[in-house]
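Take a look at the letters that make up each chain.
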Amino acid sequence: MPRAGTRPTSRDVAQAAGVSQAAVSLVLGDKWRGRVSEATAERVREAARTLGYRPNLAARNLRLGRTRTVLLVVPALTTEFFAGVYTGAARVASRHGFGVVLYPSPEGIGPARDPFASAQAALDGVIASSMAAEALTAIRGEALPLVMLDSDPAGSVGAATVNLDIADGVRQVTDHLLALGHRRFLHLAADVASWTFEVRARELTARLEDVPGASLRTARAPFSIKGAQAAAEAALSVAADRPTAVVCDDDHLAAGTYKAARRLGLRVPEDLSVTGLDDLALASAIDPELTTVRLDAELFGERGMEALLAVLEGRAPASGDIPVELVLRASTAPPHP
């Protein structure tokens, strides 16, 4: 036991648990699996809790040459989605003694200034959304261990990529609308040069090209409700062969489509079915509530951090896209005969 008034050490934990200091390091560094038993690991954790032991991270970092700090680079925080990504990444990081610095690209999407005098000296690694990829140039993030989110695995600059199964989400939306009887589609596409939006367009086109009688128009919109309203209104203003279903790249674009429909005297879903993608809080706040695809932002962040930890430890990150889920609400219905 430590003397009164002194900070407990790993030696104290080892003595209390009846194990070696090496075993304490393995367990508290979360590297014990396959080296010590589950019972031993629990005994070490219990001894640490009882003694109030906390690893001296500063000393350990100095030995390892690490800062145990990770940068999460995302577009400007205009929705809660990337806040969820941060929450998930930080949850996993904290379990491994890492901290996460959130860096939203100030201009939203595009270049950004380096927030560090030397990112390579201040950071152990970077997790970055493909939508904020240009910010990596400013912070020289590509020179660090890097995990890309929502990025083309074939062309990624990262050591690993973590993706949501966006293609399957688009398939689920399209199949739902086709089953309702829709054949005239409008794709309200985000006017953003990013792989994740290219996937949406490519999958929607592929899903409809072999459907008899199906037609697809595309209108591009800025990433805002106001911009989406203007784009949707222009695309839907001609009554002849007007689309009966609008597939939106995200929930904000869908909200803009609602406003455009009302200005044109169209009812959702009686005259126009509308779908989104994200399942933000907005989706259940608008009327009628929005049929959309739920993306698990926190799990996305967790997987991103787990992949970076694997890269830092020389392990192969887990493979496979994160599943997504179609959430049926009140914004879709069969078209008028």
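Residues numbered from 1 in each chain as written. Predicted model: local features only at pLDDT ≥ 70, side-chain atom pairs only at ≥ 80, totals over all residues. Heavy atoms only, no water.

Going by an unreviewed UniProt entry, the protein carries the name LacI family DNA-binding transcriptional regulator and comes from Streptomyces edwardsiae.

Q: Whenever I open this one, the overall build of the protein confuses me. Can you help?
A: When its secondary structure is counted, the protein shows 13 helices and 11 strands. The proportion of buried residues among the 337 residues of the protein is 49%. Long-range pairs, those at least 24 residues apart, make up 70% of the contacts in the protein between residues at least 6 apart in sequence. (Helix = DSSP H or I, 4+ residues; strand = E, 2+ residues; numbered from the N terminus. Buried < 20%, exposed > 50% of the residue type's maximum accessible area, 1.4 Å probe, protein only. Contact = heavy atoms within 4.5 Å.)

Q: How should I be thinking about the nonpolar core in this particular structure?
A: Proteins that are soluble and globular tend to have nonpolar side chains buried together. In terms of nonpolar packing, the biggest core is built from 71 residues, with F81, L188 and M305 touching the most fellow members. Of the residues forming this core, the biggest block, 7 residues, is contributed by helix α13 (residues 297-312). Apart from the residues within four sequence positions on either side, L188 is in contact with A219, A221, A228, A231, A232, V246, V247, C248, D249, L253 and T257. Counting 16 residues, the second largest nonpolar core, distinct from the first, contains A14, A23, V24 and V27. (Core = buried A, V, L, I, M, F, W, Y, C linked by side-chain atoms within 4.5 Å.)

Q: Before we go on, may I ask you to explain the packing of helix α10 (residues 225-236) against helix α11 (residues 251-263) in this structure?
A: Helix packing for two helices is described by the angle between their axes and how far apart those axes are. Between α10 and α11, the shortest axis-to-axis distance is 7 Å and the interhelical angle comes to 50°. Taken together, α10 and α11 sit at an angle that is classed as oblique. Read as a crossing pair, α10 and α11 show a hand that is right-handed. Counting all contacts with α10, which are made through I225, A228, Q229, A232 and E233, the residues of α11 involved are H252, L253, A255, G256, T257, K259, A260 and R263. A class-by-class count of the residues in the contact of α10 with α11 yields 6 nonpolar, 4 polar and 3 charged. (Axes fitted to C-alpha atoms, helices over the stretch in contact; angles between N-to-C directions. Parallel < 35°, antiparallel > 145°, perpendicular 65-115°, else oblique. Left-handed = near helix turned anticlockwise from the far one by under 90°. Nonpolar A, V, L, I, M, F, W, Y, C, P; charged D, E, K, R; others polar.)

Q: Would you explain unusual backbone geometry in this entry?
A: Excluding glycine, residues mostly have negative phi values, and the peptide bonds linking residues are mostly trans. The omega torsion of the bond from V268 to P269 falls at 10°, within 30 degrees of zero and hence cis. Relative to the helices and strands, P269 is located in the loop between α11 and β9 (273-275). With an omega of 0°, the peptide bond running from D287 to P288 counts as cis. Its place among the elements puts P288 in the loop between α12 (282-285) and β10 (292-294). One non-glycine residue, D241, lies in the positive phi region at around 55°. You will see that D278, though not glycine, has its phi angle at about 145°, which is positive.

Q: I keep staring at the sheet that holds strand β2 (residues 99-104) and nothing clicks. Help me out?
A: Across a sheet, strands are paired by hydrogen bonds formed along the backbone, either parallel or antiparallel in direction. Read across the open sheet, the 5 strands follow the order β2-β1-β3-β4-β5; overall the sheet is parallel. Strands at the two margins of the open sheet, each flanked by one partner only, are β2 and β5 (160-162). Going from strand to strand, the sheet's axes swing by 20° on average, the running direction of each strand aside. Direction of pairing for strand β1 (residues 69-74) relative to β2: parallel, over a ladder of 6 bridges. Note on β2: the bridge partner recorded for T69 is G99. Across the sheet, helix α5 (residues 81-95) lies against β1, β2, β3 (125-129) and β4 (146-149), angled at about 160° from β2, the strand it touches most. (Pairing = 2+ DSSP bridges.)

Q: How should I be thinking about the sheet that holds β9 in this particular structure?
A: Pairing in this open sheet of 4 strands is parallel, and the strands run β7-β6-β8-β9 from one edge to the other. The sheet terminates laterally at β7 (215-221) and β9, the two strands that pair on one side only. Adjacent strand axes in the sheet meet at a mean angle of 20°, parallel and antiparallel pairs treated alike. Pairing geometry for strand β6 (residues 184-190) and strand β8 (residues 245-248), over 4 bridges, is parallel.

Q: What is the right way to look at the environment of A206 in this model?
A: Within the secondary structure layout, A206 lies in helix α9 (residues 195-208). Each C-alpha atom, one on A206 and one on R171, is 9.3 Å from the other, the two residues being 35 residues apart in sequence.

Q: I'm lost on the packing of helix α1 (residues 10-17) against helix α3 (residues 38-51) in this one. Help?
A: α3 packs onto α1 with a crossing angle of 120° between their chain directions and a minimal axis gap of 9 Å. Classed by the angle they form, the pair α1 and α3 counts as oblique. In the packing of α1 onto α3, the handedness of the crossing is right-handed. Only R43, V44, A47, A48 and L51 of α3 make contact with α1, whose side of the interface consists of D12, V13, A16 and A17. Across the contact of α1 with α3, the residue classes break down as 7 nonpolar, no polar and 2 charged.

Q: Looking at this model, I keep getting lost on the packing of aromatic side chains. Mind explaining?
A: Aromatic rings in a pair are described by how distant their centres are and how their planes are angled relative to each other. Under the defined criterion, the tally for this structure stands at 3 aromatic pairs. Judged by centre distance (5.2 Å) and plane angle (85°), the rings of F81 and F82 are edge-to-face. Across this residue pair, the class does not change: F81 and F82 are buried. Here the aromatic rings of F197 and F223 are separated by 5.6 Å at their centres, their planes lie at 70°, and the arrangement is edge-to-face. Separated by 26 residues along the polypeptide, F197 in helix α9 and F223 in the loop between β7 and α10 bring together distant segments of the chain. Classification of F223 as partly exposed rests on a relative accessible area of 35%. Through a chain of ring-to-ring contacts, three or more aromatic side chains come together here, namely F81, F82 and F300. (Phe/Tyr/Trp six-rings, centres within 6.5 Å; stacked < 30°, edge-to-face > 60°.)

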